[in-house]
Amino acid sequence: MYRALASLLFVLTVSAFSMAGTRIHHALHVNADPATHMLTVIDTVTIPAAQVRKNLTFILNDQLNVRPTTPGITITIDAKHV
């Protein structure tokens, strides 16, 4: 019984560590200014190398002002999806 439980725990631990680098990570920095009714958000998106593609698609609200901050990254607005 204990051996089976230890084996299961080992498999779950190895699985958790092996998947740790496969998730897209968002780090949000949010500034709300009630006086001006403005909300500023910087979302730093980290995409694991195995998931990086030449073109990635994000579906966002069309009222957002989106700008890349990483050199070499460009953003194109696809009007047919706006």
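Source: prediction; values computed, not measured.

Engineer: Could you clarify how one ought to interpret unusual backbone geometry in this entry?
Structural biologist: Excluding glycine, residues mostly carry a negative phi; peptide bonds, for their part, are mostly trans. Of note in this structure, His37 is not a glycine but carries a positive phi near 60 degrees. Residue position: His37 is located in the loop between β1 (25-33) and β2 (38-46). Its relative accessible area of 73% is what places His37 among the exposed residues.

Engineer: Would you mind showing me how to read the layout of surface pockets here?
Structural biologist: Left-over empty space is what a probe sized like a water molecule reveals as it rolls over the atoms. Considered as a void within the structure, the largest pocket measures approximately 2,000 Å³ in volume. Forming the walls of the largest pocket are 39 residues, and the residues nearest its centre are Phe58, Leu60, Val66, Arg67 and Ile75. Taken together, the elements giving at least two residues each to the lining of the largest pocket come down to β1 and β2. In the lining of the largest pocket, the residues fall into 18 nonpolar, 15 polar and 6 charged.

Engineer: Quick question: what am I supposed to make of the pairing of β1 here?
Structural biologist: On any regular strand, side chains alternate: one points to one face of the sheet, the next to the other face. For β1 and β2, the ladder comprises 9 bridges, and the chain directions are antiparallel. Considered in β2, the bridge of Ala27 is made with Thr44. Counting the residues between successive antiparallel strands, the hairpin from β1 to β2 contains 4 residues, one of them, His37, with a positive phi of roughly 60 degrees.

Engineer: Explanation requested: the environment of Gln51 in the structure shown.
Structural biologist: Its place among the elements puts Gln51 in the segment after β2. Classification of Gln51 by relative accessible area gives partly exposed; the value is 29%. Separated by 28 residues in the primary sequence, Gln51 and Arg23 place their C-alpha atoms 8.9 Å from one another. Not counting residues within four places of it along the chain, the set of residues in contact with Gln51 comprises Thr22, Arg23, Ile24 and Leu56.

Thresholds, definitions, all that
Residues numbered from 1 in each chain as written. Predicted model: local features only at pLDDT ≥ 70, side-chain atom pairs only at ≥ 80, totals over all residues. Heavy atoms only, no water. Helix = DSSP H or I, 4+ residues; strand = E, 2+ residues; numbered from the N terminus. Buried < 20%, exposed > 50% of the residue type's maximum accessible area, 1.4 Å probe, protein only. 1 Å grid on protein atoms, 1.4 Å probe; cavity = no way out; pocket = protein on both sides within 12 Å on 5 of 7 lines; lining within 4 Å. Points joined across faces, edges and corners; volume = space filled by probe spheres on them. Nonpolar A, V, L, I, M, F, W, Y, C, P; charged D, E, K, R; others polar. Pairing = 2+ DSSP bridges. Contact = heavy atoms within 4.5 Å.

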